Amino acid sequence: MTTAKLCVVAAGGTGGHMFPAEALAREMASRGWRVVLATDHRGEQYAHAFPAEERLALDAATGSGPIGLLKAGVAIVRGVQQARSAFNRLDAQVVVGFGGYPSAPALVAAILQKRPTLIHEQNAVLGRTNRALAPHVRTVASSFPTLERAGPAVKSRALVVGAPVRADIRALFDRAWAPPGDGPINILVTGGSQGARLLSETTPRALAALPDAIKRRLKVQQQSRPETLDTSRQIYLDAGIEAEVAPFFRDMATRLSAAHLVIGRAGASTCAELAVAAMPSILIPLKIATDDHQRLNAKLLTDVSAAEVILEDDVTVEAMAAAVAGVLADPARLAAMSAAARSVAIPDAAERLADLVEATAG
């Protein structure tokens, strides 16, 4: 009797690492693979829907200062030992890492045991954990054609597969983006939780400053921090703009499907989703993102004129109002931005990554 092959997916404790890992896990499961998730205790909060038959909570830590680094080192050694014994018990055929410190113990254990390994980098900059491990793994996959902070040897063998997106977002690639015509203009404002005051407060003021001909057609849906909800709602009310302001939208695919323009951050998942949804956008990269990776992520869209970028230091009510007006006042430009976004989409990223995992496993 043959048992199904087993793939270990190792992902860190943030949504940015966890969501593409989950998309891969679903694709591997659909191909008959068994999937085990290796993460740390922080990662488990993102993993409630993760399709894994088992979860390995490995010790992992980051530290600063001599004591912190020593403690982190001890935790990682312990995590590697936990992973080695788990991999022997499970007979893991391949270990796939998505970056973040919690993926390190699983990958180090697999490398020491000479098991097939693959890392996937979500951002346009190779993250710290992936940077340390990339020279030692069998396969390096990336979301973006750009892969900064990677050495020449790693860069030359990195394979662009795109960023796996959730199935409901993937479905948007098959629908035609429709321009607003003479009807309402739907604007979706996302990323209100990260460096949020900037988006939560500047965006409503900027939209309120638009010419009346545009302003009276706006329908806005905005994610906003709880503490700025009332302020944002009041600005829209005073400006006579129809708006729904909430801390979180669960039905993001539905909202994205109806939007004409998105204003938001430039996280890796966001950029991939905007491309797949053929969505024109105005992006404000998060200034404090490690290695300025959000600005480089945005290049995927700005290089083909699918998005306008305003750097955080340049964000003012006037600058944002001018950017929005510049896009909305020209229907042909909006349609061209949509077509450009679609042209750089990789809707089948999860399938491409799964093909690579199978090839790596041999």
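Refer to the structure printed above.
Residues numbered from 1 in each chain as written. Predicted model: local features only at pLDDT ≥ 70, side-chain atom pairs only at ≥ 80, totals over all residues. Heavy atoms only, no water.

## Concerning the packing of aromatic side chains
Rules: Ring pairs shown here join Phe, Tyr and Trp side chains whose ring centres sit within 6.5 Å, with only the six-membered ring taken for Trp; geometry is labelled stacked below 30 degrees between planes, edge-to-face above 60, and tilted in between. Two conditions define a charge located above a ring, namely a distance within 6 Å from the ring centre to NZ of Lys or CZ of Arg, and an angle within 35 degrees of the ring normal.
In the structure shown here, the tally under the stated rule is 0 aromatic pairs. Positioned above the aromatic ring of phenylalanine 249 is the side chain of arginine 255, whose terminal nitrogen or guanidinium carbon lies 3.9 Å from the ring centre. It is arginine 342 that lies over the ring of phenylalanine 173; its NZ or CZ is 3.9 Å from the centre.

## Structural notes on the pattern of salt bridges
As a reminder, the rule being used: Definition used for salt bridges: Asp or Glu carboxyl oxygen within 4 Å of a side-chain nitrogen of Lys or Arg. Only runs of H or I of at least four residues qualify as helices and only runs of E of at least two qualify as strands under DSSP, and these elements are numbered from the N terminus. Buried residues are those whose accessible area, probed at 1.4 Å on protein chains only, stays under 20% of the maximum for their type, while exposed residues exceed 50% and partly exposed ones sit between those limits.
One pass over the full model with this rule turns up 23 salt bridges. A salt bridge links glutamate 273 to arginine 166, with the nearest nitrogen and oxygen atoms 3.1 Å apart. On the criterion of sequence distance, the pair formed by glutamate 273 in helix H11 (residues 268-276) and arginine 166 in the loop between strand E7 (158-160) and helix H6 (167-170) is long-range, its members being 107 residues apart. We classify arginine 166 as partly exposed; its relative accessible area is 37%.

## Structural notes on the side chain of serine 200
The condition is simple: In the analysis that follows, any N or O atom pair within 3.5 Å is treated as a polar contact, provided that within protein one partner can donate a hydrogen and the other can accept it, and provided that, for residues neighboring in sequence, both atoms belong to side chains.
With respect to the helices and strands, the residue serine 200 is situated in helix H7 (residues 196-208). Accessibility expressed as a relative area gives 0% for serine 200, which makes it buried. Here serine 224 takes part through its side chain, which lies 3.3 Å from a polar atom of the side chain of serine 200.

## Regarding helix H1 (residues 15-30)
Where we set the bar: Expected span of a helix: the number of residues minus one, times 1.5 Å. Any two residues whose heavy atoms approach within 4.5 Å at even a single point are treated as in contact.
Taking 1.5 Å per residue as the helical rise, H1 with its 16 residues ought to reach 22 Å, and the 22 Å between its terminal C-alpha atoms agrees with that figure. Of the positions making up H1, those classed as buried are Gly15, His17, Met18, Pro20, Ala21, Glu22, Ala23, Leu24, Ala25, Glu27 and Met28. Next to the buried residues of H1 lie strand E1 (6-10), strand E2 (34-39), strand E4 (94-97) and helix H15 (349-361). Positive phi shows up at glycine 32, right after H1, with a value of about 90°.

## Comments concerning unusual backbone geometry
In the Ramachandran plot, aspartate 292 falls in the positive-phi region, its phi being about 55° despite a non-glycine side chain. Relative to the helices and strands, aspartate 292 resides in the loop between strand E12 (281-283) and helix H12 (293-302). The backbone phi angle of serine 305 is positive, close to 60°, even though this residue is not glycine. In this structure, serine 305 sits in the loop between H12 and strand E13 (307-309).

## A look at the environment of threonine 62
Checked against the element boundaries, threonine 62 lands in the loop between strand E3 (54-57) and helix H2 (65-90). Measuring from C-alpha to C-alpha, the distance between threonine 62 and glycine 127 comes to 14 Å, with 65 residues separating the pair along the chain.

## Section: the pairing of strand E8 (residues 185-189)
Note the cut-off: The criterion for strand pairing is that DSSP finds at least two bridges linking the strands in question.
With 4 of 5 residues buried, E8 is to be regarded as a mostly interior element. Where E8 lies against strand E11 (residues 261-264), 3 bridges are found, and the strand directions are parallel. If you follow valine 189 over to E11, its bridge partner there is isoleucine 263.

## Section: the sheet that holds strand E9 (residues 218-223)
How we decide: Helix axes are fitted to C-alpha atoms over the stretch in contact, other axes to C-alpha atoms as well, and angles between N-to-C directions run from 0 to 180 degrees.
Taken in spatial order, the 6 strands of this open sheet run E10-E9-E8-E11-E12-E13, and their pairing is parallel. Each end of this open sheet is capped by a strand with a single partner; those strands are strand E10 (242-246) and E13. In this sheet, neighbouring strand axes are inclined to one another by 15° on average, regardless of whether the strands run parallel or antiparallel. Sheet analysis places E8 next to E9, joined by 5 bridges and oriented parallel. Bridging across to E9, isoleucine 185 finds its partner in leucine 218. Helix H13 (residues 317-328) contacts E8, E9, E11, E12 and E13 of the sheet and is inclined by roughly 160° relative to E11.

## A short note on H2
Between its first and last C-alpha, H2 extends 37 Å over 26 residues, near the 38 Å set by a 1.5 Å rise per residue. Taken together, the buried positions of H2 are Gly68, Ala72, Ala75, Gly79, Val80, Ala83, Ala86, Phe87 and Leu90. In the core, the buried residues of H2 are packed alongside E1, E2, E3, E4 and helix H3 (104-112). Remark: aspartate 91 follows H2 within two positions and exhibits a positive phi of approximately 55°.

## Concerning the packing of H11 against H12
Each pair of packed helices can be summarised by the angle the axes make with each other and by the distance between the axes. Inclusion rule: Our angle categories are set so that under 35 degrees counts as roughly parallel, over 145 as roughly antiparallel, 65 to 115 as roughly perpendicular, and the remainder as oblique. Classification convention: Asp, Glu, Lys, Arg as charged; Ala, Val, Leu, Ile, Met, Phe, Trp, Tyr, Cys, Pro as nonpolar; all other residues, Gly among them, as polar.
Running from N to C, H11 and H12 point in directions that differ by 10°, and their axes come no closer than 9 Å. Compared by their axis directions, H11 and H12 come out roughly parallel. Residue-level contacts link Ala268, Cys271, Leu274 and Ala275 of H11 to Asn297, Ala298, Leu300 and Leu301 of H12. Looking at side-chain class alone, the contact of H11 with H12 contains 7 nonpolar, 1 polar and no charged residues.

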